[in-house]
Amino acid sequence: MAEIEKETDDNIVEFFSMLLGAKLVGHVQHFKTVGKGSYAKHKALDEFYKGAGDIADSIIEAYQGCSGELVTFDSEILTYGVDMEALEYLTELRTV
């Protein structure tokens, strides 16, 4: 049973780290579009990173409230996708 709980904990840490990291990575991707001639991409990423933080906050706080546990985060996962192209990152994030 402890092994199942550990695996579940690892999945939660990974998921919440990706979710919270989406705001950071989305913001970095937003900055990378400046001067690249794609105003639409710039604005779309602007909306994404601004909304991603609120969504992550709501989900993580709801989990913590229901479980009574403080969530820990994986710092490597928080920045996963910074070096990727925006569409590739968003596609992978959607899959997760």
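That block above? That's the structure.
Residues numbered from 1 in each chain as written. Predicted model: local features only at pLDDT ≥ 70, side-chain atom pairs only at ≥ 80, totals over all residues. Heavy atoms only, no water.

Chemist: Is there a simple way to explain the overall build of the protein chain in this structure?
Modeler: Within the protein chain one finds 4 helices and 0 strands. Taken from N to C terminus, the helices and strands of the protein chain fall in the order α-α-α-α. Along the first, second and third principal axes, the C-alpha set of the protein chain runs to 55 × 20 × 20 Å. Within the protein chain, the proportion of its 96 residues that are buried is 27%. Carbon together with sulfur atoms contributes 58% to the accessible area of the protein chain, which is approximately 6500 Å² in total. Averaging the positions of the 8 positive and the 18 negative side-chain charges in the protein chain gives two centres separated by 14 Å. (Helix = DSSP H or I, 4+ residues; strand = E, 2+ residues; numbered from the N terminus. Buried < 20%, exposed > 50% of the residue type's maximum accessible area, 1.4 Å probe, protein only. Areas by Shrake-Rupley, 256 points an atom, 1.4 Å probe, with all protein chains shown as cover. Lys, Arg positive; Asp, Glu negative; His and termini not counted. Charge placed at Lys NZ, Arg CZ, Asp CG, Glu CD.)

Chemist: Looking at this structure, I do not really get the packing of helix α2 (residues 39-67) against helix α4 (residues 86-95). What am I missing?
Modeler: Angle between the axes and distance between the axes are the two parameters that describe a pair of packed helices. Where α2 meets α4, the closest approach of the two axes is 12 Å, and the angle between their N-to-C directions is 35 degrees. Every pair of crossing elements has a handedness; the one defined by α2 and α4 is left-handed. Between α2 and α4, the contacting residues are Lys41, Leu45 and Phe48 on the first element and Ala86, Leu90 and Leu93 on the second. Here the residues of the contact of α2 with α4 sort into 5 nonpolar, no polar and 1 charged. (Axes fitted to C-alpha atoms, helices over the stretch in contact; angles between N-to-C directions. Left-handed = near helix turned anticlockwise from the far one by under 90°. Contact = heavy atoms within 4.5 Å. Nonpolar A, V, L, I, M, F, W, Y, C, P; charged D, E, K, R; others polar.)

Chemist: Help me understand the nonpolar core in this model?
Modeler: Buried together is how nonpolar side chains tend to be arranged in soluble globular proteins. Judged by nonpolar contacts, Met18, Ala22, Val25, Ala52, Ile77, Met84, Tyr89 and Leu93 together constitute the single largest core of 8 residues. Among the secondary structure elements, those contributing two or more residues to this core are α1 (2-32) and α4. Take this core: its biggest share by element is 3 residues, from α1. In this structure Leu93 touches Met18, Ala22 and Phe48, once residues within four positions along its chain are discounted. Core analysis: the next-biggest nonpolar cluster, separate from the first, contains 5 residues, Phe16, Leu19, Ala56 and Ile60 among them. (Core = buried A, V, L, I, M, F, W, Y, C linked by side-chain atoms within 4.5 Å.)

Chemist: Please clarify how α2 should be interpreted in this entry.
Modeler: Each α-helix winds once per 3.6 residues, and so residues spaced three or four apart point in a common direction. Between its first and last C-alpha, α2 extends 42 Å over 29 residues, near the 42 Å set by a 1.5 Å rise per residue. Within α2 the residues assigned to the buried category are His42, Leu45, Asp46, Tyr49, Ala52, Gly53, Ala56 and Ile60. One or two positions beyond α2, positive phi appears at Gly68, with a value near 75 degrees. (Expected span 1.5 Å × (residues − 1).)

Chemist: I'm lost on a nonpolar patch on the surface in this one. Help?
Modeler: A contiguous nonpolar surface patch, about 340 Å² in accessible area, is contributed by Phe15, Ile55, Ile59 and Val96. For Ile55, the location among the structural elements is in helix α2. (Patch = residues over 30% accessible without salt bridge, like charges linked within 9 Å, V, L, I, M, F, W, Y side chains within 5 Å. Salt bridge = Lys/Arg side-chain N within 4 Å of Asp/Glu carboxyl O.)

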